Amino acid sequence: MSSIEHLFARWQVRALLVFGLRQRALLRLDDMLSANETDVYAWATRAHVLAELGDKAGALQALQRQVAVQPGAAAGWFNLGYLSEEMGELAQAETAFRRALEIDPKLDRAWYGLALSLIRQRRFDEAIAALRKNTELQPMSPYGWYQLARVHVDREEPEEAAKIIRHLRGFEPKVAAQLERETGLVQPQA
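Residues numbered from 1 in each chain as written. Predicted model: local features only at pLDDT ≥ 70, side-chain atom pairs only at ≥ 80, totals over all residues. Heavy atoms only, no water.

Visitor: Please give an account of the overall build of the protein that cites residues and values.
Guide: The secondary structure content of the protein amounts to eleven helices and zero strands. For the protein, the α and β elements follow one another from N to C terminus as α-α-α-α-α-α-α-α-α-α-α. In terms of overall size, the protein is more extended than a compact globule, its C-alpha atoms giving a radius of gyration of 20 Å where 190 residues would be expected to give roughly 16 Å. On the principal axes, the C-alpha backbone points of the protein span a range of 65 × 30 × 25 Å. Counting the 190 residues in the protein, one finds 44% classified as buried. Taking the contacts inside the protein whose residues are at least 6 apart along the sequence as the reference set, 42% of them involve residues at least 24 apart. Of the roughly 10400 Å² of accessible surface on the protein, a fraction of 53% belongs to carbon and sulfur atoms. Charged side chains in the protein number 24 positive and 25 negative. The centres of these two groups are separated by 3 Å. (Helix = DSSP H or I, 4+ residues; strand = E, 2+ residues; numbered from the N terminus. Rg over C-alpha atoms; globule rule 2.2 N^0.38 Å. Buried < 20%, exposed > 50% of the residue type's maximum accessible area, 1.4 Å probe, protein only. Contact = heavy atoms within 4.5 Å. Areas by Shrake-Rupley, 256 points an atom, 1.4 Å probe, with all protein chains shown as cover. Lys, Arg positive; Asp, Glu negative; His and termini not counted. Charge placed at Lys NZ, Arg CZ, Asp CG, Glu CD.)

Shown next, in the form of structure tokens:
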């Protein structure tokens, strides 16, 4: 497939997806992959479409092929980790997130995803380290802070969770209030 044919095929796939014709887009992606099985765009798009159609196993296989073709791309590893974690494949998720972080240590979403997979494995010490890195990279995002407080509650460290609730009150009062309700750690108003 020439570069012009490849660009046209990509345009066709996008158009099919815009009009909700996912099955036809998959057929076009399959054509692209039969012409070039190392087409990273086709593998990534195929994974996305399959996930939208509810075929998570197929999406996972496409992502595995994508990272095999382009092992140096952190985004591919992150997506593989995300889907693996969602499917309960925690060891695979952890491996994928760690690989993404080897490539790009500042990929805050990968630190967060790694933490979620570690929490599900009840490996709280490692999860805390990953969440600290996530909150360092994204200090104004409540997600990492929320999970960090929950881990401290799970570890029976209410004073650490209370510090986080106070911190969150400064920029995310709704999340702080939610944590207070969930944990019973009501903080005095400043």
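Visitor: Please give an account of helix α8 (residues 124-137) that cites residues and values.
Guide: Given a rise of 1.5 Å per residue, 14 residues ought to cover 20 Å, and the 20 Å separating the end C-alpha atoms of α8 matches this to within 8%. Those residues of α8 not exposed but buried are F124, A127, I128, A130, L131, N134 and T135. Close packing links the buried residues of α8 with α7 (108-120) and α9 (142-154). (Expected span 1.5 Å × (residues − 1).)

Visitor: Can you explain the pattern of salt bridges? Please cite residues and give values.
Guide: For the structure on display, the rule yields 16 salt bridges. In this structure, R155 and E157 form a salt bridge, with 2.8 Å as the shortest nitrogen-oxygen distance. For R169, the salt bridge goes to E180, with nearest N and O atoms at 2.4 Å. With R169 in helix α10 (residues 158-169) and E180 in helix α11 (residues 173-183), the pair connects residues that are eleven residues apart, well separated along the chain. According to the relative accessible area criterion, E180 is buried, its value standing at 11%. If you follow the salt bridges from partner to partner, you end up with E94, R98, R123 and E126 in one network. (Salt bridge = Lys/Arg side-chain N within 4 Å of Asp/Glu carboxyl O.)

Visitor: Describe the packing of α7 against α9, with residues and values.
Guide: The angle between the axes and the distance between the axes are what describe a pair of packed helices. Put simply, α7 and α9 touch, their axes get as near as 11 Å, and they point 25 degrees apart. In terms of their interaxial angle, α7 and α9 are classed as roughly parallel. Read as a crossing pair, α7 and α9 show a hand that is left-handed. Counting all contacts with α7, which are made through Y112, L116 and I119, the residues of α9 involved are Y143, G144, Q147 and V151. Considered class by class, the residues forming the contact of α7 with α9 number five nonpolar, two polar and no charged. (Axes fitted to C-alpha atoms, helices over the stretch in contact; angles between N-to-C directions. Parallel < 35°, antiparallel > 145°, perpendicular 65-115°, else oblique. Left-handed = near helix turned anticlockwise from the far one by under 90°. Nonpolar A, V, L, I, M, F, W, Y, C, P; charged D, E, K, R; others polar.)

Note that all results are geometric; they support no functional claim without further evidence.
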